[in-house]
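Structural description and commentary
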Amino acid sequence: MKKNSLKKIIIDPVTRIEGHLRIEVEIDENNVIQEAWASGQLFRGIETILVGKDPRDTALVAQRICGVCTHSHYRASIESVEDAYKMDIPRNAHIMRNLVSLSLFIQDHIVHYYQLHSLDFVDVVSASQAKAKKATQEALKYSAEPYRNSKAHLKSVKEKLVNFIKAGRLGLFANGYWGHEGYKFTPEQNLIHMSHYFEALRIQREISKAIAIFAGKTPHPQYLVVGGVTSVMDMLNSSRLNDFMLILKEVNDFINRAYLPDVKMLCEVYKEDIHAGNGLGVGNFMAVGGYDFSKENQLFEAGVIKGFDFENIESFDITNVTEEATRAWYVDEKAVFPIEGSTTPFYTDINEDGSLKTSGKYSWIKAPRYEGVTMEVGPVSRMLVGYLKNSPVIKPYMDTFLQQNDLELKDICTTIGRNIARAIEANICCEFIFDFMNELIENIKYYDEQTWSKYSFDTLPKNAQGWCVYEVPRGVLAHFVNIENQKVKNYQAVVPTTWNASPKDAKNQRGPYEESLIGIKLNNPKEPLEVLRVIHSFDPCLACAVHIIDAKKSSLGSYKVGTSIF
């Protein structure tokens, strides 16, 4: 096919994500995507800010990499310094860190599905035409006890939507592609989802309260220190522990009676999309394991899958990770182990017509690779690796969902599959978080109240290197620190969205976002709903992958929301 027969579509910025993402695709005369580019549109300068800092202070700055994933970076930074100094922290500190981390897994997945992604499948305007009684009956197909399923409640949700529409005040619902051919839910199914959309706003607020019990506040908690945690009084207060558990029980109820049933509905209605393989990527998946809740068991398993080969799982080795900038706006382009990397910007502009210079550098995101190949990270990778390694934690939940919904393992790797993996994982995290709570209570019961390992900074090595690599909601997060003369010499962060939203590399290998878009057919190029579905399924966090600070200018740039076709 001739290059000039292709049309280019630009979506900039992609909304309902954290940060600024630009997607460009080329479609043929049948509206099928032939090529794609994912571009992070801001520069992250946090690493350069950390140079010269006391390593004990890096976490308070590093957590500002993102306004959503604050705890993930906070913990990674603390634990990279602890690794550099070969510190062991008390078990209670581990548990409390895990309690906060897993609460964020749950919150992140619920917010992702309802607030950030569900409107790619749910037609808000259609929901206003639903019959409340019929909707209550429809909900019973997916749950024996549907969440808030009374006729009166669903009628009130419908009235709220009708009032929004009549008043012309759709607000955050104003710019959707309502009525698009790609929407498949009935009005009643849309109404059920919208009911849970509003309930999810309340649920995520409650989870924030639970997180604040140990973390002090959220976002930007301040309970972590090198050597442990500071929330001793909260740990020893039985009413605070009880408050935490009560909130998580309420959240677990929402997951089982709303979130999981809604995802089952999604699977049923969009089964053709699953079987068509919409959103399948390159088939390489990576997980690093962790969150041990007993001597024998941990929540996640580590492993690497290549080319959809589910028969062979390789061991994960951090030394096989490299990061390069051949197609990213940085000076140093060669593939290196991240701790040897640099963050010197080299912006080369875009074409005169506003499109990316796709033959050269086109993103502020670097290209991490494992043994030289692209890797998808996140819930799909964790669920696949856990399932194939016969995890006693993950396999039963996966088997149940796959069997109930007549799905195969490869189906989990699609756009819809990423939603399935998140829902299953939220369920697992919410169930097993109580194991960590039980262990903490047992420790306190037997007078183990230690939360910090005492040390003297003056006696620690003046020069050291360390890293933390662990699983966070969107995938594998790694922070690397090089300490010289008790100051940070170099600092690098490789985040989940860096893996998934990476640009092409020196071998022209696409990143997971880009690869997952190839072959997708658009119903209407002027309303590229199908592109948004694929990208949103990854739960992009571009603020993690890129960041900027500018102390001199009040205006950092201008952005036009919309779709351009060339």
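Here the structure is a predicted model, which is why all the values come from computation and not from measurement.

**Re the overall build of the protein chain**
When helices and strands are tallied, the protein chain shows 18 helices and 13 strands. Relative to its length of 566 residues, the protein chain is compact, with a C-alpha radius of gyration of 23 Å against a globular reference of 24 Å. Structurally, the protein chain occupies a C-alpha span of about 70 × 60 × 50 Å along its principal axes. Buried positions account for 60% of the 566 residues belonging to the protein chain. Placing the 64 positive and 70 negative side-chain charges of the protein chain at their respective mean positions leaves the two points 5 Å apart.

**A few points about the packing of aromatic side chains**
Evaluated as defined, the whole model comprises 32 aromatic pairs. With 5.5 Å between their ring centres and 85 degrees between their planes, phenylalanine 185 and tyrosine 270 make a pair best called edge-to-face. Of this pair, phenylalanine 185 sits in the loop between α7 (151-167) and α8 (187-215) while tyrosine 270 sits in the loop between α10 (238-269) and α11 (271-275), and the two are 85 residues apart along the sequence. Per residue, the accessibility class of phenylalanine 185 equals that of tyrosine 270, and both read buried. Joined through ring pairs, the aromatic side chains of Phe43, Trp329, Tyr330, Tyr347 and Trp364 make up one cluster.

**Examining the packing of helix α4 (residues 91-117) against α8**
Describing two packed helices takes the angle between their axes plus the distance from one axis to the other. Orientation of α4 relative to α8, taken along the N-to-C sense of each, is 165 degrees, at an axis distance of 9 Å. Taken as axis vectors, α4 and α8 run roughly antiparallel relative to one another. Crossing of α4 against α8: the hand is left-handed. Where α4 approaches α8, its residues Met96, Leu99, Val100, Ser103, Leu104, Ile106, Gln107, Ile110, Val111, Tyr113, Tyr114 and Gln115 are matched on the opposing element by His193, His196, Tyr197, Ala200, Leu201, Ile203, Gln204, Ile207, Ser208, Ile211, Phe214 and Ala215. In the contact of α4 with α8, the residues fall into 17 nonpolar, 7 polar and no charged.

**Brief notes about the sheet that holds strand β11 (residues 475-484)**
If you walk across this open sheet you meet the 3 strands as β10-β11-β12, and the pairing is antiparallel. A strand with exactly one partner marks an edge of an open sheet, and here the two such strands are β10 (464-472) and β12 (487-494). Averaged over all neighbouring strand pairs, the angle between strand axes comes to 15 degrees, with direction disregarded. Strands β10, β11 and β12 of the sheet are contacted by helix α3 (residues 70-84), whose axis makes an angle of about 145 degrees with β10.

**Concerning α4**
Taking 1.5 Å of rise per residue, 27 residues should cover 39 Å, and α4 covers 37 Å from first to last C-alpha, within 8% of that figure. Residue valine 111 marks the point of greatest curvature in α4, where the axis turns by about 30 degrees. For α4, the buried fraction is high: 23 of the 27 residues fall into the buried class.

**A few points about helix α12 (residues 379-388)**
Burial runs high along α12: 9 of the 10 residues are buried. Along α12, the positions that sit buried rather than exposed are Pro379, Val380, Ser381, Arg382, Met383, Leu384, Val385, Gly386 and Tyr387. In the stretch just after α12, asparagine 390 is the one whose phi turns positive, near 55 degrees.

**Here's the deal with the confidence of the model for the protein chain**
Summarising the model, the protein chain shows a mean pLDDT of 93, and 95% of its residues fall at 70 or more. Low pLDDT, under 50, characterises residues 547-566; the stretch is placed with 44 contacts to residues that sit more than four places away or in other chains.

**A closer look at the environment of arginine 22**
Note that arginine 22 resides in strand β2 (residues 21-27). Linking arginine 22 and isoleucine 11, residues 11 residues apart in sequence, is a C-alpha distance of 5.8 Å. With residues near it in sequence (within four places) discarded, arginine 22 still touches Ile10, Ile11, Asp12, Trp37, Ala38, Ser39, Gln41, Gly354, Ser355 and Leu356. A polar atom in the side chain of arginine 22 sits 2.9 Å from the side chain of aspartate 12. Within the structure, arginine 22 has its side chain in polar contact with the backbone oxygen of glycine 354 (distance 2.2 Å).

**Considering the pattern of salt bridges**
This model, assessed by the stated rule, comprises 34 salt bridges. Notably, a salt bridge pairs aspartate 292 with arginine 91, separated by 3.3 Å at the nearest N-O pair. Pair noted here: aspartate 292 is in strand β6 (residues 285-292) and arginine 91 is in helix α4, with a separation of 201 residues, a long-range link. Residue aspartate 292 is classed as partly exposed on the basis of its relative accessible area, which comes to 36%. Since its relative accessible area comes to 25%, arginine 91 is described here as partly exposed. Across the pair lysine 489 and glutamate 484 runs a salt bridge, and its minimum N-O distance is 3.4 Å. We classify glutamate 484 as partly exposed; its relative accessible area is 41%.

**Section: the nonpolar core**
Ile110, Met194, Phe214, Tyr259 and Leu299 are the most contacted members of the largest nonpolar core, which totals 160 residues. Tallying contributions element by element places helix α14 (residues 415-445) first for this core, with 16 residues. In this view, methionine 194 contacts Leu119, Val122, Val124, Ala127, Val157, Leu161 and Phe173; residues no more than four positions away in its chain are not counted. By size, the runner-up hydrophobic cluster in this structure holds 15 residues, among which are Met286, Ile339, Tyr370 and Val476.

**Observations regarding the packing of α3 against α4**
Direction vectors running N to C along α3 and α4 enclose 145 degrees, while the axes themselves pass 10 Å from each other. α4 is crossed by α3, and the crossing has left-handed handedness. For the pair α3 and α4, the contacting residues are His71, Arg75, Ile78, Glu79 and Glu82 in the first and Arg97, Asn98, Val100, Ser101 and Leu104 in the second. Here the residues of the contact of α3 with α4 sort into 3 nonpolar, 3 polar and 4 charged.

Rules and cut-offs
- Within every chain, residues take consecutive numbers counted from 1 along the sequence as written.
- With pLDDT at 70 or above as the cut-off, local features in this predicted model cover only qualifying residues; side-chain atom pairs require 80 or more to be listed or tallied, and sums for whole chains, interfaces and linings still use all residues.
- Hydrogens and water molecules were not included; the side-chain quantities draw on all heavy atoms of the structure.
- Each helix is a run of DSSP H or I of at least 4 residues and each strand a run of E of at least 2, with the numbering of both proceeding from the N terminus.
- Our radius of gyration is a C-alpha quantity, and the globule rule it is checked against amounts to 2.2 Å times the number of residues to the power 0.38.
- Buried means the residue's accessible area, taken with a 1.4 Å probe over protein chains only, is under 20% of the maximum for its type, while exposed means over 50%, and partly exposed covers the values in between.
- We score Asp and Glu as negative and Lys and Arg as positive, and we do not count His or the chain ends.
- Taken as the charge location is NZ of Lys, CZ of Arg, CG of Asp or CD of Glu.
- Between the rings of Phe, Tyr and Trp (Trp by its six-membered ring), a pair exists once the centres lie within 6.5 Å; its type follows the angle of the planes, with under 30 degrees stacked, over 60 edge-to-face, and the other angles tilted.
- Note on definitions: angles span 0 to 180 degrees between N-to-C directions of axes, and those axes are lines fitted to C-alpha atoms, for helices only across the stretch in contact.
- When an angle is under 35 degrees it counts as roughly parallel; over 145 it counts as roughly antiparallel; between 65 and 115 it counts as roughly perpendicular; any other value is oblique.
- Note: crossing handedness is left-handed where the near helix turns anticlockwise from the far helix by less than a right angle, and right-handed where it turns clockwise.
- Any pair of residues with heavy atoms lying within 4.5 Å of one another is described as a contacting pair.
- Under the scheme applied, nonpolar residues are Ala, Val, Leu, Ile, Met, Phe, Trp, Tyr, Cys and Pro; charged residues are Asp, Glu, Lys and Arg; polar residues are all the others, including Gly.
- Only when DSSP finds a minimum of two bridges between them are two strands counted as paired.
- Every helix has an expected span of 1.5 Å times one less than the residues it contains.
- Values of bend correspond, residue by residue, to the angle between axes fitted over the seven residues ending at that residue and the seven starting there.
- pLDDT is a per-residue confidence score from the predictor, ranging from 0 to 100.
- The term polar contact refers here to a pair of N or O atoms within 3.5 Å; inside protein, the definition further demands a hydrogen-donor-capable atom paired with an acceptor-capable atom, and it admits residues adjacent in sequence only when both atoms are side-chain atoms.
- Salt bridges, as used here, are contacts in which a Lys or Arg side-chain nitrogen is within 4 Å of a carboxyl oxygen on Asp or Glu.
- Put simply, a nonpolar core is a bunch of buried Ala, Val, Leu, Ile, Met, Phe, Trp, Tyr and Cys residues held in one set by side-chain atoms that sit within 4.5 Å of each other.

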